[in-house]
Amino acid sequence: MDADNKVRRKEVLSSMCDERARMLQDQFSVSVNHVHALAILISTFHYYKNPSAIDQETFAEYTARTAFERPLLSGVAYAERVVHSEREEFERQHGWTIKTMQREPSPVRDEYAPVILSQETVSYIESLDMMSGEEDRENILRARATGKAVLTNPFRLLGSHHLGVVLTFPVYKSKLPTRPTVEERIEATAGYLGGAFDVESLVENLLGQLAGNQAILVHVYDITNSSDHLIMYGHQDEDGDLALLYESKLDFGDPFRKHTMICRYHQKAPTSWTALTTAFLFFVICLLVGYILYGAAIHIVKVEDDFHEMQELKVRAEAADVAKSQFLATVSHEIRTPMNGILGMLALLLDTDLSSTQRDYAQTAQVCGKALITLINEVLDRAKIEAGKLEMETVPFDLRSILDDVLSLFSEKSRNKGVELAVFVSDKVPEMVMGDPGRFRQIITNLVGNSVKFTERGHIFVKVHLAENTKPVADTKAENCLNGGSDDSVLLSGAHQFKTLSGYEAADERNSWDSFKNLVSYEESRYDASINMTVAGETSQSVSLMVSVEDTGIGIPLIAQDRVFMPFMQADSSTSRNYGGTGIGLSITKCLVELMGGHISFVSRPQVGSTFSFTADFGRCKKASFNETKKPNTEDLPSSFRGLKAMVVDGKPVRASVTRYHLKRLGMLAEVASSVKRAVSACGINGSSCGSKIQPDIILVEKDSWLSGEDGDLSLLMLDRKQNGHMFKLPKMILLATNITNAELEKAKAAGFADTTIMKPMRASMVAACLQQVLGIWKKRQAGKDTQNGSLRSLLCGKKILVVDDNMVNRRVAAGALKKFGAAVECAESGKAALKLLQIPHSFDACFMDIQMPEMDGFEATRRLRMMESQANEQMNGGDTDEGLAQKSEWHVPILAMTADVIHATYDKCLKCGMDGYVSKPFEEENLYQAVAKFFKVKPISDS
Amino acid sequence: MLGLAADRLRADTNRLLAFLFHQGILDEQFLQLQQLEDETSPNFVSEVVNIYFHESEKLLRNLRSLLMDKEFSDYNKMGIHLNQFMGSSSSIGAKRIRNVCVAFRAASEQNNRAGCLRALELLEHEYCFLKNKLHELFQIQQQRALAAAVRYPMQN
């Protein structure tokens, strides 16, 4: 920008300078021309006219009147060429003597140039010899040689003392040839016309007429002598802007002399505004940027400080959290320990003889204590979950038995309320899954507990499926399950029977028969398809289960539905008053479900019921670990019912499926008949004619169906049985009921039902126990059982058996069991005692040895015993070879390990120690028979 | 009058047993135990159960004292006790106690003191409950026996 400015400045200067130079030159040349004209005038009228037409007066007049034409010339004068020879003549003619410049009479010279004609302004030079002045003489000589206007060096003019130059023109007497030589010119010269240019005032005037006069400083130099510039105009001391100058050539028409004009700016270039503003802006910007940086730095420091502060606070908060959790854990533990004492003492107190009031008080205290323990446990759980300290176990467990357990917990309550409680687990759910049984149980307990709490009629139904299984069904039904969508239909529900478990309407229609049967039939087909299918299904590592708990309780009010899972929030503050509880349960449940990799949701309609469903991921159980772990965790369902056929008579298909599910778990084949009539027809026909139809061993009749069915049907059934006459083949009839009055029981007995009714909720082991009770007598008649029992008796009868167990109870039970089969039993309470009794000459036929005993365990005892035996055998062999051969195997008492947990590894170890087999504790006939038969089978033969 | 009482007692026995089975407190092992009872050993069940009570109380006491020892809990010893407890419980068919024992043992194997304490509490509770119920049962059976004894002369 500055450079731009400079360039422009330079351009302006040059143009101004050029303009001035041109004008000066023009004006100069105009004057010169006019002087030229004067010269011609003089030659014309002074020399060519004879007598001369011009005299001093005319010349003065004329020049005065034409002075406007020559503004630059202070005056013009004409000097005649006078050679010395003509001087006297001339002086006489004019009447004055030629004088020098110093106004003295001229000394003698070759020639003279006295002024004869002059303008009035310069009349003082008349009669002065121009050739006497150094400058003028030179001028004159040059002028007449060249025939052109010539200029002198600048010098101080006589009159004004201004710097000026003198212009001289030669005037020729005669016309010159076209190409005259210098001599010819000199010869022809008649005189000289001269004028003084007052350059100083001239330029002053000229510049005054031009704009921008003040801005620039003009100097005019005569640079004829290139080493010594003579100043023509301008003050030497004025310097102006030395940095920038411009030179213009001036041509005043005299080729000998060179002139130049130098222009400068008066003032130095003003520092440009743009530069200033730029600088200022730059400064401002710098300032702003600086300020911004400063602000940022301050901010960063502040944020850092805040961050440190926050970090510290966080640490403190975490410490506080840990402290809280520790406090909770400690306190709850500290509370629980004495609470346990209180509860235990209360339990003991309740055992003693108490008056009814005292008992009431004690029971109340116990209930309160239990509630408190529950609350503390829940709070502890919640705290643990919050602290992230709750870790999920992954151990194999049997889902079904856990569900059975949970249901049995609530059976008493539900039965008192008349609420039906049922569980259904899909066949596709693996028998054993890997997960946290405790937490799973907690979730189920929580949900079922809630349901039981809020349900006064109808049913509570727990259903477990594979998650992917329920999806298609859920989709089809989704549109119907709007929460609280149709309250109107609720009013009608009294008359209408819903196809749910109990016939009451449920919030989520997914569990009604319509969709449920799809699921069941789907599973049936899968199940029937083959076992291969399940094998294929087991390739995936985890299994996602969908559990739903449906009840027909009071439901959750619409406004409260979105805060159900928030801790300490109950649907309504009146809820805790009516139903108790803290409202922490569901939030814990939610946390647990999420920890299990699932999510929980619910569908609820006020006054209709709620259905909570959650998914959870479990690992599949490896087959190898399956067998080992099965024993300790699961209840063993007796296998004696395997293959039995049962008929379930129930009008409600969902309930019938549940019953069938339990029977199936016992290995029984179950058929469903919707009414007694149908059951009768199914059995009746088969009883008389074709055997292809089912021939049930047991008929399970739901109480409702029985009561609603006509007695005639039942009696028909009875009659049928009588007619058939196969009394031993007759099916047993068992009543299924949620609750039953004594009167009904009597009636049932009269109708031909067995003594035992199966009370709901059903659980496989309970059903098994009941069936055992019912079939107890009948069972003995069965041939297989009888022979086995008999053979066991025959195997053991008369044998002398040693039972070694440190546990007195076990000892007593084992002894009792063995005695029952006719064995003579002796007991020993430790390995050492056993060894003492088994000193070599002894009469025991077998030894049952507990493995886990203090001091000397079963393995050690066996090892020592075997050592003793081998020593004895060797001695005998060494002593008496003949008999030794025959009795080689004499001293080998069969030792059977008794153990509560039969793991395969233990079995191997048993064999390694020299034991002959093992029986599980407590004794099971079948197991015992198998174990004993191994080595007693040979003996009776060899004995007999 | 007495005959009716006998019937009622029998019903009571059944109901109580049904309840115990239903709740999963007892399992079929108890039935087997009952089956072992015959003319040669008429009080077999109560005899065994009394031994069981005696032993169990001792075990529970030991377990509690082991666990109450704040400084150091001998989990090994606890395991031995628990095995005994488990063995005797499964012998008489006290299923729930046995299950609690399993949990207890699992906790003790993990040296989980809190779990052990919880399990012990549960165990004590279950034990008290079982003891009450079985006492009740034996009382009824005694009454039954008495009633039967009274009835016999009448019939004879």
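Below: a short report on this structure.

Calculation notes
- Residues numbered from 1 in each chain as written.
- Chains lettered and ligands numbered in written order.
- Predicted model: local features only at pLDDT ≥ 70, side-chain atom pairs only at ≥ 80, totals over all residues.
- Heavy atoms only, no water.
- Helix = DSSP H or I, 4+ residues; strand = E, 2+ residues; numbered from the N terminus.
- Buried < 20%, exposed > 50% of the residue type's maximum accessible area, 1.4 Å probe, protein only.
- Contact = heavy atoms within 4.5 Å.
- Areas by Shrake-Rupley, 256 points an atom, 1.4 Å probe, with all protein chains shown as cover.
- Salt bridge = Lys/Arg side-chain N within 4 Å of Asp/Glu carboxyl O.
- Polar contact = N/O pair within 3.5 Å; in protein donor to acceptor, adjacent residues only side chain to side chain.
- Pairing = 2+ DSSP bridges.
- Axes fitted to C-alpha atoms, helices over the stretch in contact; angles between N-to-C directions.
- Phe/Tyr/Trp six-rings, centres within 6.5 Å; stacked < 30°, edge-to-face > 60°.
- Lys NZ or Arg CZ within 6 Å of the ring centre and 35° of its normal.

What follows concerns the overall build of chain B. Broken down by element type, chain B carries six helices and zero strands. Counted from the first residue to the last, chain B has its helices and strands arranged as α-α-α-α-α-α. Counting only residues that meet the buried cut, chain B has 53% of its 156 residues in that class. The contacts of chain B with a sequence gap of at least 6 include a subset with a gap of at least 24, amounting to 67%. Carbon and sulfur atoms provide 53% of the accessible area of chain B, an area that totals close to 7600 Å².

So, about helix 16 (residues 585-595) of chain A. Residue and element names in this part refer to chain A. Counting buried positions along helix 16 gives eight out of eleven residues, so the element sits mostly inside the fold. Within the sequence span of helix 16, burial applies to Gly 585, Leu 586, Ser 587, Ile 588, Thr 589, Cys 591, Leu 592 and Val 593. Positive phi appears at Gly 597, one or two residues downstream of helix 16, with a value of about 80 degrees.

The subject of this paragraph is the pattern of salt bridges. Residue and element names in this part refer to chain A. Summed over the entire model, instances satisfying the criterion amount to 23 salt bridges over all chains. As a salt-bridge pair, Arg 257 and Asp 222 come within 3.3 Å of each other at their nearest N and O atoms. Highlighted residues: Arg 257 in the loop between strand 11 (245-250) and strand 12 (259-265) and Asp 222 in strand 9 (residues 216-222), separated in sequence by 35 residues. An identical accessibility class is assigned to Arg 257 and Asp 222; each is buried.

All names here are of chain A. Within the fold, Arg 811 resides in helix 25 (residues 808-820). Here Asp 805 takes part through its backbone oxygen, which lies 2.8 Å from a polar atom of the side chain of Arg 811. What Arg 811 contacts, discounting residues up to four positions off in sequence, is Val 803, Asp 805, Asp 806, Cys 827, Ala 828 and Glu 829.

A few words on the sheet that holds strand 10 (residues 230-233) of chain A. All names here are of chain A. Strand order in the open sheet made by the four strands is 10-9-12-11, with antiparallel pairing throughout. Looking at the sheet topology across the chains shown, the edges are occupied by strand 10 and strand 11. Each strand of the sheet is rotated relative to its neighbour by a mean of 30 degrees, with strand direction disregarded. Both strand 9 and strand 12 contribute to a ladder of seven bridges, which runs antiparallel. Bridge pairing in strand 12 places Ile 216 opposite Tyr 265.

A few words now on the packing of aromatic side chains. Pairs of aromatic rings are described using the distance from one ring centre to the other and the angle between the two planes. All chains considered together, the criterion is met by ten aromatic pairs over all chains. Centre to centre, the rings of Phe 397 of chain A and Phe 440 of chain A are 6.0 Å apart; their planes meet at 45 degrees, and the pair counts as tilted. With Phe 397 of chain A in strand 13 (residues 395-398) and Phe 440 of chain A in helix 10 (residues 437-454), this residue pair connects regions lying 43 residues apart in the sequence. Look at Phe 440 of chain A and you get buried, because its relative accessible area is 0%. Residues Tyr 52 of chain B and Phe 53 of chain B carry aromatic rings whose centres are separated by 6.0 Å and whose planes lie at 50 degrees to one another, so their mutual orientation is tilted. The exposure class of Tyr 52 of chain B is buried, given its relative accessible area of 0%. Residue classification places Phe 53 of chain B among the buried positions, given a relative accessible area of 5%. A connected cluster of aromatic rings, assembled from ring pairs, spans Tyr 52, Phe 53, Phe 85 and Tyr 127 of chain B. Above the ring of Tyr 112 of chain A, the side-chain terminus of Arg 87 of chain A is found at 4.8 Å from the ring centroid.

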